[in-house]
Amino acid sequence: MDSIGGNSKTVILTTIAPSATDTHTSHQALRFADRAKSIKTHARINEDSLKEVAQKKQQMEELYKNKFMDLEKEYQLEKQQASLNEESVRLEAECARLQSEKEAL
């Protein structure tokens, strides 16, 4: 009975043999199925599991949010670095131009 009861649905499939020599075995199988059919269970929602699932979901959402924010910061830093590299190249070119003008004077 313990293996049949619980928070799940159970199906019992009983097979019987058409042979007359297996009458006793078929009869025993049918009796077992009839006894199993009469077992009544009262399933209930496992609230602890629901709370755990909700907590894990919230933790995952926070992790994804934090990861997204980290990726956004990384993207902004890479964008800023690219801008600074462009500015550095521009300033070096400007410095070289000014140096050549100075030497020309």
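The structure we're discussing is the one just above.
Below or above, wherever it landed, is the structure these notes cover. (Residues numbered from 1 in each chain as written. Predicted model: local features only at pLDDT ≥ 70, side-chain atom pairs only at ≥ 80, totals over all residues. Heavy atoms only, no water.)

**A look at the overall build of the protein**
- The helix and strand inventory of the protein stands at two helices and zero strands.
- Counting every atom, the protein has about 10200 Å² of accessible surface; 56% of that belongs to carbon and sulfur. (Helix = DSSP H or I, 4+ residues; strand = E, 2+ residues; numbered from the N terminus. Areas by Shrake-Rupley, 256 points an atom, 1.4 Å probe, with all protein chains shown as cover.)

**Quick look at the pattern of salt bridges**
- Summed over the entire model, instances satisfying the criterion amount to four salt bridges.
- Notably, a salt bridge pairs Arg-97 with Glu-94, separated by 2.5 Å at the nearest N-O pair. Here Arg-97 pairs with Glu-94, and both are found in helix α2 (residues 47-104), just three residues apart, close to one helical turn.
- Arg-97 gets classed as partly exposed once you look at its relative accessible area, which sits at 37%.
- Taking the relative accessible area as the measure of exposure, Glu-94 reaches 29% and is therefore partly exposed.
- Among the charged side chains, a salt-bridge network with shared partners connects Glu-94, Arg-97 and Glu-101. (Salt bridge = Lys/Arg side-chain N within 4 Å of Asp/Glu carboxyl O. Buried < 20%, exposed > 50% of the residue type's maximum accessible area, 1.4 Å probe, protein only.)

**Considering helix α1 (residues 23-37)**
- Across its 15 residues, α1 extends 21 Å between first and last C-alpha, which sits within 8% of the 21 Å expected from 1.5 Å per residue.
- All buried positions along α1 are accounted for by Ser-26, Ala-33 and Ala-36. Buried residues of α1, viewed axially, fall in a sector of 90 degrees; they line one side. In α1, those exposed residues whose orientation departs by more than 90 degrees from the buried face are His-24 and Arg-35. (Expected span 1.5 Å × (residues − 1). Arc of directions from axis to C-beta.)

**Thoughts on the side chain of Ser-26**
- You can see Ser-26 is positioned in helix α1.
- Judged by relative accessible area, which is 10%, Ser-26 ranks as buried.
- With sequence-adjacent residues up to four places away left out, Ser-26 is seen in contact with Ile-16 and Ala-17. (Contact = heavy atoms within 4.5 Å.)

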